[in-house]
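Report on the structure
The residues making up each chain are set out below.
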Amino acid sequence: MNLFIEGILKAIEMILSGDREIFKITYTTLQVCLTAIFISTLIGIPFGVFLGLNSFPGKKIVLVFVNIGMGLPPVVAGLYITMLLWRSGPLGHLGLLYTTHAIVIAQVLVSLPIIIGLTSAAFQQMDSKMLMQIKALGATRFQKVGLLLRETKLAIMAAIMAGLGRVLAEVGAAMMVGGNIKGDTRILTTSMVMEVSQGNFDVAIALSFILMTLAFIITFILTSLQQRKQLV
Amino acid sequence: MKKILQLQEVKVIAKKQTLLDVPEFTLQQGDLLGVIGPNGAGKSTLLKVLSFLQAPNEGRVVYKGEEKHANTLSLDIRRRFAVAMQQPLLFDTNVQQNVVLGLKLRKENKKIINEKVDYWLNKFQIDHLAKKNALSLSGGEAQRVNLARALILEPEVLFLDEPFSALDFPTKAQLIQDLKEILNDTSTTTFFVSHDLLEIKHLTKSLAVIMNGNVEQIGYTKEVIDQPNQAVAPFLNKWKELYTL
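Residues numbered from 1 in each chain as written. Chains lettered and ligands numbered in written order. Predicted model: local features only at pLDDT ≥ 70, side-chain atom pairs only at ≥ 80, totals over all residues.

1. Some thoughts on the overall build of chain B
Along chain B, the regular secondary structure elements total nine helices and ten strands. Expected size for 245 residues packed as a compact globule is a radius of gyration near 18 Å; at 18 Å, chain B falls within 12% of this value. C-alpha extents for chain B along the principal axes are approximately 50 × 50 × 35 Å. Every one of the 245 residues in chain B was classed for burial, and the buried ones make up 45%. Counting contacts in chain B only where the partners sit at least 6 residues apart, residues at least 24 apart contribute 67% of the total. (Helix = DSSP H or I, 4+ residues; strand = E, 2+ residues; numbered from the N terminus. Rg over C-alpha atoms; globule rule 2.2 N^0.38 Å. Buried ≥ 20, exposed ≤ 12 C-beta atoms within 10 Å, placed from the backbone. Contact = placed C-beta atoms within 7 Å.)

2. Side note on the nonpolar core
Formed by 131 residues in total, the largest nonpolar core has its most connected members in Ala106 and Val177 of chain A together with Ala148 of chain B. With 15 residues, helix 5 (residues 100-124) of chain A is the single largest residue contributor to this core. Not counting the four nearest positions on each side in its chain, Ala148 of chain B is found in contact with Val99, Trp120, Leu121, Phe124 and Ile126 of chain B. (Core = buried A, V, L, I, M, F, W, Y, C linked by C-beta atoms within 7 Å.)

3. Description of the sheet that holds strand 1 (residues 3-14) of chain B
Residues and elements named next belong to chain B. Ordered by their spatial adjacency, four strands build an open sheet running 2-1-4-5, and the pairing between neighbours is antiparallel. Only two strands of the sheet have a single neighbouring strand rather than two, namely strand 2 (17-28) and strand 5 (66-68). Each strand axis lies, on average, 25° off the axis of its neighbour in the sheet, ignoring direction. Where strand 4 (residues 58-63) meets strand 5, three bridges bridge the pair, whose relative direction is antiparallel. Pairing of Val61 across the sheet is with Lys68, part of strand 5. (Pairing = 2+ DSSP bridges. Axes fitted to C-alpha atoms, helices over the stretch in contact; angles between N-to-C directions.)

4. Some words on the UniProt feature "transmembrane region" (unreviewed entry) in chain A
If you check UniProt for "transmembrane region" (unreviewed entry), the listed places come out as residues 29-54, 61-86, 98-123, 154-181 and 201-222 of chain A in our numbering. Secondary structure across residues 98-123 of chain A divides into 92% helix and 0% strand, with the first and last C-alpha atoms of the span separated by 38 Å. (UniProt positions renumbered as here; feature names shortened; annotations may be inferred.)

5. Digging into the UniProt feature "domain: ABC transmembrane type-1" (unreviewed entry) in chain A
Sites flagged by UniProt as "domain: ABC transmembrane type-1" (unreviewed entry) map to residues 26-222 of chain A. The span residues 26-222 of chain A shows a helical share of 78% and a strand share of 0%, and its end C-alpha atoms are spaced 20 Å apart.

6. Quick notes on the environment of Asn114 of chain B
With respect to the helices, strands and loops of the structure, Asn114 of chain B is situated in helix 4 (residues 110-123). We classify Asn114 of chain B as exposed; it has 12 C-beta atoms within 10 Å.

7. Here's the deal with the confidence of the model for chain B
Interpreting fine coordinate detail is not advised for predicted regions of low pLDDT. Taken residue by residue, chain B gives an average pLDDT of 92. The fraction at 70 or more is 98%. In the model output, the complex is listed with pTM 0.82 alongside ipTM 0.89. (pLDDT = per-residue confidence, 0-100.)

8. Some details on the packing of helix 5 of chain A against helix 8 (residues 153-169) of chain A
Residue and element names in this part refer to chain A. For the pair helix 5 and helix 8, interaxial distance at closest approach is 8 Å and the crossing angle is 160°. The angle between helix 5 and helix 8 places the two elements in the roughly antiparallel class. The crossing of helix 5 and helix 8 is right-handed. Taken together, the residues of helix 8 that come into contact with helix 5 (itself represented by Gln107, Val110, Ser111, Ile114, Ile115, Leu118, Thr119 and Ala122) are Ala155, Ile156, Ala158, Ala159, Ile160, Ala162, Gly163, Arg166 and Val167. Taken together, the residues that form the contact of helix 5 with helix 8 break down as twelve nonpolar, four polar and one charged. (Parallel < 35°, antiparallel > 145°, perpendicular 65-115°, else oblique. Left-handed = near helix turned anticlockwise from the far one by under 90°. Nonpolar A, V, L, I, M, F, W, Y, C, P; charged D, E, K, R; others polar.)

9. What to know about the interface of chain B and chain A
At the junction of the two partners, chain B supplies 18 residues and chain A supplies 15 residues. Among the secondary structure elements, those contributing two or more residues to the side of chain B that touches chain A are helix 2 (75-78) and helix 3 (95-105) of chain B. Across the side of chain B that touches chain A, the residue classes break down as eight nonpolar, five polar and five charged.

10. Notes on the sheet that holds strand 8 (residues 189-194) of chain B
All names here are of chain B. With mixed pairing, six strands are arranged side by side in an open sheet as 6-7-8-3-9-10. Single-partner strands in this sheet number two, and they are strand 6 (81-84) and strand 10 (214-220). Here the average twist between neighbouring strands, direction ignored, is 15°. Alignment of strand 7 (residues 157-161) against strand 8, held across five bridges, turns out to be parallel. Within strand 8, the position partnered with Leu158 by the bridge is Thr190. In the packing of helix 5 (residues 139-151) onto the sheet, the strands contacted are strand 6 and strand 7, and the crossing angle to strand 6 comes to about 170°.

11. A short note on helix 3 of chain B
Residue and element names in this part refer to chain B. Within helix 3, ten of the eleven residues are buried, leaving the element largely enclosed by the surrounding structure. Of the residues making up helix 3, those classed as buried are Val95, Gln96, Gln97, Asn98, Val99, Val100, Leu101, Gly102, Leu103 and Leu105. In the stretch just after helix 3, Lys107 is the one whose phi turns positive, near 55°.

12. Considering helix 5 of chain A
All names here are of chain A. Under the 1.5 Å per step criterion, the end-to-end length of helix 5 is 36 Å for 25 residues, consistent within 8% with the ideal 36 Å. Along helix 5, the sharpest kink reaches roughly 30°, centred on Ser111 and followed within four residues by the proline Pro113. Most of helix 5 sits out of view: 22 of its 25 residues are buried. (Expected span 1.5 Å × (residues − 1). Bend = angle between axes of the 7 residues up to and from the residue.)

13. Focus: the packing of helix 3 of chain B against helix 5 of chain B
Residues and elements named next belong to chain B. Following both chains from N to C, one finds helix 3 and helix 5 inclined at 30°, their axes separated by 7 Å at the closest point. Crossing handedness for the pair helix 3 and helix 5: right-handed. Note on element contacts: helix 5 touches helix 3 through Val145, Ala148 and Arg149, opposite Val95, Asn98, Val99, Leu101 and Gly102. For the contact of helix 3 with helix 5, the residue count by class is five nonpolar, two polar and one charged.

14. Digging into the pairing of strand 3 (residues 32-36) of chain B
As a general feature of sheets, a regular strand has side chains that alternate between the two faces. Residues and elements named next belong to chain B. Among the five residues of strand 3, five are classified as buried, and the element is accordingly described as predominantly covered. What you see with strand 3 is no split at all: Leu32, Gly34 and Ile36 on one side and Leu33 and Val35 on the other are buried throughout. In this structure, strand 3 lies alongside strand 8, joined through five bridges in parallel fashion. The residue of strand 8 that forms the bridge with Leu32 is Thr190.

See below:
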């Protein structure tokens, strides 16, 4: 019990004292996670919409891979990205390994299938008569997708939040491809793992509070957007 | 009367089954045509083909004397029509936004939209519901919104696919009466699919009976009901027996 109380006190102290390293780690975490979720959303929603609305040969296979990707263990993703970015690997010349860019790539890889899978499921669930009605109303293809996105807003925002949850919680791949370098690629989750391994539970608890607060604030904003009354 | 839509040698085939086989069919401008037939006869398929929502597997769809295809290029023609289906299929926003949706998709001028929406909300007696979420309406109210959403477009042809079938009798009777007055006022060419001869008799000028994908008889509503041919007589006579109860 003492450990928890000490941890809470330490967290308050670290935040109030304006610990530069904590702010740097928090900033890097925010930067990496928001970039990753932004890229995943940008790619995942159009791809999910395409998968949900169209029939083509091999669609089932694509869906199987997307669904497998939804459960892809981050360390597996980390392993393959490390091999790709390794100095002698196919993309080694880019020099991305042990940079925040590598962490973003890993996080996109683990969150993208979630956003694609859930978006595609939401669109596949749309009533075919509604699709017909939208066409009958004189919508262009883009207008049709826009209307459907509005109608599936709850599910789409849930997909983004699920992806964000995955990104914020991700540690294995970030550790592997980022290297947890102090002042550079260290993020909240990798930092927590390191502090626990060194027995600094108070610092780890402090970091967990910051991570939870970030997750709460971002999810609160997304939930507010999700639940906002919509007007065409 | 001018021919607004024609089908020539049209066939719709799905899973090796012929759903629609219409050698010749014409919708005249200004007509109020009812289409009746048993379930699965091809009524809704005929509606979809005529309204350019579905392309036939064979044959031609002719709009004002010109052959057209139901692909993305037909958007211009589809925007001259309006369709109200059996389910109101309203969007999760207020009544007013639902009614103006088609105009907004056509990027209509805001001032014109505001003028038209007031007129049509009033015409269908739903102005008091303007700010209410469309998904919280009763069946009758939702269907009024659906019809207002279609008629606000001032379509060249109004397609109605069993819009009253899910309504209770008093609601249905009132709505049919109101719609009849509106259609008479606007002289909108209407293609009205129904499985209810009472609705057809009350609302339409002419009637087509469709059985097993074929248009078996077409003519003035009264004539078709009073003098059905051999192919449609068993179906229509069942209705007549029901009315005499």
